[in-house]
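Commentary on secondary and tertiary structure
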Amino acid sequence: MSMEHWKLALEYVKVLVWPLLLATLAISFRREIRLLLRDRDVQVEALGANIALTRASAEAQAALEERADARADDPEATTSADEIPSTDSPTAADTYTRLAAQALEALSGELLPIFPAERTRGDSSNDNETLVRAWNQLADDAKVLCSVFPDIRQNVNPFIPLAGQTGEPRWRDVGRSWNCLRWGLLEFAYVEHPYPYGASPRDTAPSAEATVVDMYLSSQHLVREKIRTLLREAATADTARRADGG
């Protein structure tokens, strides 16, 4: 394959990475996005399509969820091969909620978003460093989870085995978002593989575009919020169990 073909293939991949990232994050955080948009009518243009997000679509989704809940209550309903079975063992559930409370306590600091560095005209040299800083914040969250759930640290994506270990399938959604953010960063930085997952800028990398930086930072913040939400839910269950004397 000639150099021109390789360059064309690289440009094709670069064009696809960010729409794929946006689509994956939208799917992973569809519940949160729907809650934010349920009282609004919004037009979104993504992946070459014009999508209308309306109150009617939220109501339709709620109807679908009711059908899904009814299916879940049906003992004869089949289970998808991709679904992770819930943990039935009380001991395993107790362990998960206890460890989740420990992880949440370690992540107790205020969650602040990262904003793009100020640009002077024609200068975007700090954008790549901003992306790396955002990734390393997320990597620090992953390190906390790996210190609490040590069996997950030998994986490039620690959230996938965490889903299997805890029986909480939403960790798999976080894992998909983690993959997209990691893949998006590889063009601009070196990323450790696997634990401890940190990154450092590549001197020869092109400067990230402003729209890419903005989308990356927003996605990173959503993922970090999702991590804390899942831990908080489990920790609340642990607190309730303790209050009940369980």
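Just so it is clear, the model here is predicted, and its values are computed rather than measured.

Here we come to the nonpolar core. With 46 residues, the main nonpolar core has Trp135, Leu145, Phe159, Trp171, Leu185, Ile227 and Leu231 as its most contacted residues. Elements represented by at least two residues in this core include exactly helix 4 (90-106), helix 5 (127-148), helix 6 (159-166), helix 7 (170-185), strand 3 (189-191) and helix 8 (210-243). At eleven residues, the largest contribution of residues to this core is made by helix 5. Dropping the residues within four chain positions of it, Leu231 is found in contact with Ala100, Ala103, Leu104, Leu107, Leu145 and Trp171.

Take the packing of aromatic side chains next. According to the stated counting rule, one finds six aromatic pairs in the structure shown. Aromatic pair Trp135 and Trp178: ring centres 4.6 Å apart, planes at 45°, arrangement tilted. Remark: Trp178 occurs in helix 7 and Trp135 occurs in helix 5; sequence separation between them is 43 residues. Summarising the burial analysis for this pair, Trp135 and Trp178 share the class buried. Aromatic pair Trp178 and Tyr197: ring centres 5.3 Å apart, planes at 85°, arrangement edge-to-face.

Enumeration according to the criterion identifies six salt bridges in this entry. The residue Arg224 makes a salt bridge to Asp141 at a minimum N-O spacing of 2.7 Å. One end of the pair, Arg224, is in helix 8; the other, Asp141, is in helix 5, with 83 residues separating them in the sequence. The two residues Arg224 and Asp141 agree in class, both being buried. For Asp141, the salt bridge goes to Arg228, with nearest N and O atoms at 2.9 Å. Here the residue Asp141 occupies a position in helix 5, and Arg228 occupies one in helix 8, the gap between them amounting to 87 residues. Connected through salt bridges with shared partners, the residues Asp141, Arg224 and Arg228 form a single ionic network.

It is worth spelling out a nonpolar patch on the surface at this point. A surface patch of nonpolar side chains, amounting to about 290 Å² of accessible area, comprises Leu20, Trp183 and Leu186. Its place among the elements puts Leu186 in the loop between helix 7 and strand 3.

Each value, and the rule that gives it
- Residues numbered from 1 in each chain as written.
- Predicted model: local features only at pLDDT ≥ 70, side-chain atom pairs only at ≥ 80, totals over all residues.
- Heavy atoms only, no water.
- Core = buried A, V, L, I, M, F, W, Y, C linked by side-chain atoms within 4.5 Å.
- Buried < 20%, exposed > 50% of the residue type's maximum accessible area, 1.4 Å probe, protein only.
- Helix = DSSP H or I, 4+ residues; strand = E, 2+ residues; numbered from the N terminus.
- Contact = heavy atoms within 4.5 Å.
- Phe/Tyr/Trp six-rings, centres within 6.5 Å; stacked < 30°, edge-to-face > 60°.
- Salt bridge = Lys/Arg side-chain N within 4 Å of Asp/Glu carboxyl O.
- Patch = residues over 30% accessible without salt bridge, like charges linked within 9 Å, V, L, I, M, F, W, Y side chains within 5 Å.
- Areas by Shrake-Rupley, 256 points an atom, 1.4 Å probe, with all protein chains shown as cover.

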